[in-house]
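Spelled out from the first residue to the last, the chains are:
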Amino acid sequence: MAGKYARVTAVLMLAALLAAGASPCSGTAAPFEYMPLVRIPRYYNLMEEGKRPAVRSQGDLETCWAISACSAIESDLLPEEPHLFSPDHMSLQNGYISGQEDGGDYYMIMSYLADWKGPVEEAEDPYADGLSSDGLTASIHVQDIRLLRGMSRRRIMQMILTYGAAQSSLSMDRMRTDSDEYHYYNEDTAAYYDPFVEELNHDIVILGWDDAYPRENFRIRPQQDGAWICQNTWGEDFGENGIFYVSYEDRNLFRKGGLVYGPVTQAYSGERVYEQDSLGWLGRQGYGQSSCWFAGVFEAGRSESVTGIGFYTTGPYTAYRICLIPEFKEEADLASAAGAQESGSGARVLAAGQIAAAGFHTIQIPQEIILREGQTYAVAVWISTPAERLPVAVEVAKDRYTQSVSTQGRQTWLSRTGKHWENTQEKYATNVCMKVFTAQHEVIVGKD
């Protein structure tokens, strides 16, 4: 985001925060998440920074999406922390009623990572053995997952420069690329260009770009030079040891966006996630306007401290305000969130700010918020997402893959203004998507 539009958007978001009673400096999150203004080089290649992940082959399984997600996260951690994550675990332990023959999508990936189901190491859950053990724990936590939907080429480049490798979808079929008659892939130069809008059926990892990549390298010549540097999931025998080049003018790559991941943090014992949505963002709710409130009710399972609050943004430039209601007994208690202060014994503002991209986000809460075992509390979030009229991400059973969704034992709420609230389980059979991340609170007992 740059120029006049950036300034106007910032002013609008600031006005929205102030109108809702939120201080731009409330909590500890930055009030606005700007993309840094960086020069976009004509050539950029993460492989030259030691960030090339291992090349893998999906074989006969429809797991390109899971392999690409694991590879992108592995790239983010290289070269300091080499990992090999398990696509088997991501594709079999994500909570959806699906198998490795069904494929997957960005929302499955976000749900799996946001709920700390994974990723786990490949050594714990080897690929393509038809097995995946229960009870494995994530070795790292992906704090944020940003959707590239609707972004320009330069903005996507900026995202890669800032956050690392990207994952996206294109229209590509192994049976066709192996055919001499296939007009979109040039095997001699490992160059791919599809000039037609087609079904998206394959995920890859984008490691960089080259503005000067010759258009003559493609079997069908695009109008201009330039290509994305990509890694496939078809093993080292494809392309240049797994690497190939996709024209900037390809009609399908990034057509429906993609994902970038990070920051990524180490997983530690004693951390816990409380969630109201086991399958994540499956639908949207709201009141036909860009802003509203949503809330979740939780019970502390031990003496613990709140380290972060996780939720989805359904569009870019979402302003938010997160409030804690430390004692929840009934709907009326939620109304206190609208008048929450930054300190005190009642409802408290934990953080406020703006998030630039749609996706899943973890807002860190470094201030000390201690919960006692058995304490029932609520977290309420006010959001405003320009151009969205149903800004709240919700979980709902909508097809054969999501029939495991349950509203039993969950308690989430929606409100137009924060004064009167609707229980979403009772009224809509939905669960608002929200996470609370905690760490065990050690009570030290000393002697007088």
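Residues numbered from 1 in each chain as written. Predicted model: local features only at pLDDT ≥ 70, side-chain atom pairs only at ≥ 80, totals over all residues. Heavy atoms only, no water.

1. A word on the overall build of the protein chain
Condition: Counting from the N terminus, the helices are the DSSP runs of H or I reaching at least four residues and the strands are the DSSP runs of E reaching at least two. Exposed residues in this analysis have more than 50% of their type's maximum accessible area, buried residues have under 20%, and partly exposed residues fall in between, with area computed by a 1.4 Å probe over protein chains only. In what follows, a contact means two residues having at least one pair of non-hydrogen atoms within 4.5 Å. Computed with a 1.4 Å probe, the accessible areas rest on the Shrake-Rupley method; for each residue, only the protein chains presented here act as cover.
If you tally the helices and strands in the protein chain, you get seven helices and 25 strands. Residue burial in the protein chain is summarised as follows: out of 448 residues, 58% are buried. Summarising the internal contacts of the protein chain: among those between residues at least 6 apart in sequence, 78% fall at separations of at least 24. Of the roughly 19,000 Å² of accessible surface on the protein chain, 49% is carried by carbon and sulfur atoms.

2. Side note on the sheet that holds strand E14 (residues 291–299)
So the rule is basically this: If DSSP finds at least two bridges between two strands, the strands pair.
Pairing in this open sheet of six strands is antiparallel, and the strands run E17-E16-E20-E14-E22-E23 from one edge to the other. Each edge of the open sheet is held by one strand with a lone partner, namely strand E17 (348–355) and strand E23 (422–423).

3. Some thoughts on a negative patch on the surface
We apply this condition: Patch definition: residues above 30% relative accessible area lacking any salt bridge, with like charges linked at up to 9 Å and the nonpolar side chains Val, Leu, Ile, Met, Phe, Trp and Tyr linked at up to 5 Å. The term salt bridge refers to a side-chain nitrogen of Lys or Arg lying within 4 Å of a carboxyl oxygen of Asp or Glu. Charge counting follows a simple rule: Lys and Arg are positive, Asp and Glu are negative, and His as well as the terminal groups are ignored. Charged side chains are reduced to one point each, which is NZ for Lys, CZ for Arg, CG for Asp and CD for Glu.
Taken together, Asp 180, Glu 181, Glu 187 and Asp 188 make up a surface patch of like negative charges. For Glu 187, a relative accessible area of 61% corresponds to the exposed category.

4. Things to note about the pairing of E17
Within E17, seven of the eight residues are buried, leaving the element largely enclosed by the surrounding structure. Relative to E17, strand E16 (residues 318–325) is paired through seven bridges, and the arrangement is antiparallel. The residue of E17 that forms the bridge with Ile 322 is Ala 351.

5. Concerning the packing of aromatic side chains
The line we're drawing: Side-chain rings of Phe, Tyr and Trp, where Trp is taken by its six-membered ring, are said to pair if the distance between their centres is within 6.5 Å; with planes under 30 degrees apart they count as stacked, over 60 as edge-to-face, and otherwise as tilted.
Here the structure, examined in full by the defined rule, presents 21 aromatic pairs. Centre to centre, the rings of Tyr 213 and Phe 218 are 5.6 Å apart; their planes meet at 65°, and the pair counts as edge-to-face. For Phe 218, a relative accessible area of 3% gives the class buried. Ring centres of Tyr 213 and Tyr 245 lie 4.7 Å apart, and the angle between their planes is 15°; on these two criteria the pair is classed as stacked. Here Tyr 213, found in the loop between strand E7 (202–210) and strand E8 (227–231), pairs with Tyr 245, found in strand E9 (residues 243–247); they are 32 residues apart in sequence, far enough to count as distant. Residue Tyr 213 is classed as buried on the basis of its relative accessible area, which comes to 7%. For Tyr 245, a relative accessible area of 15% gives the class buried.

6. Some words on the side chain of Asn 232
Rules: Contacts described as polar in this section are N or O atom pairs within 3.5 Å, which, within protein, must combine one atom able to donate a hydrogen with one able to accept it, while residues neighboring in sequence count only if both atoms come from side chains.
Tracing the backbone through its elements, the reader meets Asn 232 in the loop between E8 and E9. In terms of polar contacts, Asn 232 uses its side chain to reach the side chain of His 202, at 2.6 Å. Not counting residues within four places of it along the chain, the set of residues in contact with Asn 232 comprises Arg 56, Met 172, His 202, Ile 204, Phe 238, Gly 242 and Phe 244.

7. Examining the pairing of strand E15 (residues 304–313)
Taking burial as the measure, the ten residues of E15 include nine buried ones, the bulk of the element. As judged from the two bridges shared by E15 and strand E19 (residues 370–371), these two strands associate in the antiparallel manner. Within E19, the position partnered with Glu 304 by the bridge is Leu 371. Pairing analysis gives six bridges linking E15 to strand E25 (residues 435–440), with the strands arranged antiparallel. Pairing of Gly 310 across the sheet is with Lys 435, part of E25. Pairing geometry for E15 and strand E18 (residues 359–364), over six bridges, is antiparallel. Paired with Gly 310 across the bridge in E18 is Thr 362.

8. Points about unusual backbone geometry
Look at the link from Leu 78 to Pro 79: it is a cis peptide, with omega at 0°. With an omega dihedral of 10°, the bond running from Gly 118 to Pro 119 counts as a cis peptide bond. Assignment of secondary structure puts Pro 119 in the loop between helix H4 (106–114) and strand E2 (140–142). Its identity as a non-glycine residue notwithstanding, Ala 128 has a phi of 65°, on the positive side.

9. Focus: the environment of Ile 109
The residue Ile 109 is located in helix H4 in this model. Look at Ile 109 and you get buried, because its relative accessible area is 0%. When the C-alpha atoms of Ile 109 and Asn 94 are compared, they prove to be 7.9 Å apart, with 15 residues separating the residues in sequence. Filtering out sequence-adjacent residues up to four positions away, Ile 109 remains in contact with Trp 65, Ala 69, Met 90, Gln 167, Leu 259 and Tyr 261.

10. Some thoughts on helix H2 (residues 64–77)
Quick reminder of the rule: In a helix, the anticipated span is given by 1.5 Å times the number of residues less one.
Its 14 residues place the ends of H2 20 Å apart at the C-alpha level, agreeing with the 20 Å of an ideal helix rising 1.5 Å per residue. Burial analysis of H2 places 14 of its 14 residues in the buried class, the great majority of the element.

11. Points about the pattern of salt bridges
Scanning the model with the defined rule gives twelve salt bridges in all. Residues Glu 74 and Arg 56 are paired through a salt bridge, measuring 2.4 Å at the closest nitrogen-oxygen approach. Here the residue Glu 74 occupies a position in helix H2, and Arg 56 occupies one in the loop between strand E1 (43–45) and H2, the gap between them amounting to 18 residues. By relative accessible area, Glu 74 is classed as buried at 1%. Across the pair Glu 304 and Arg 302 runs a salt bridge, and its minimum N-O distance is 2.8 Å.

12. Quick word on the confidence of the model for the protein chain
To keep it simple, the criterion reads: Every residue gets a pLDDT, meaning the predictor's confidence in that residue, from 0 to 100.
Mean pLDDT over the protein chain works out to 90, with 90% of the residues at or above the 70 mark. Counting contacts from residues 1–31, a segment whose pLDDT is below 50, to residues more than four positions away or on other chains yields 58 contacts. Between residues 444–448, whose pLDDT stays under 50, and residues either more than four places distant or in other chains, the model counts zero contacts.

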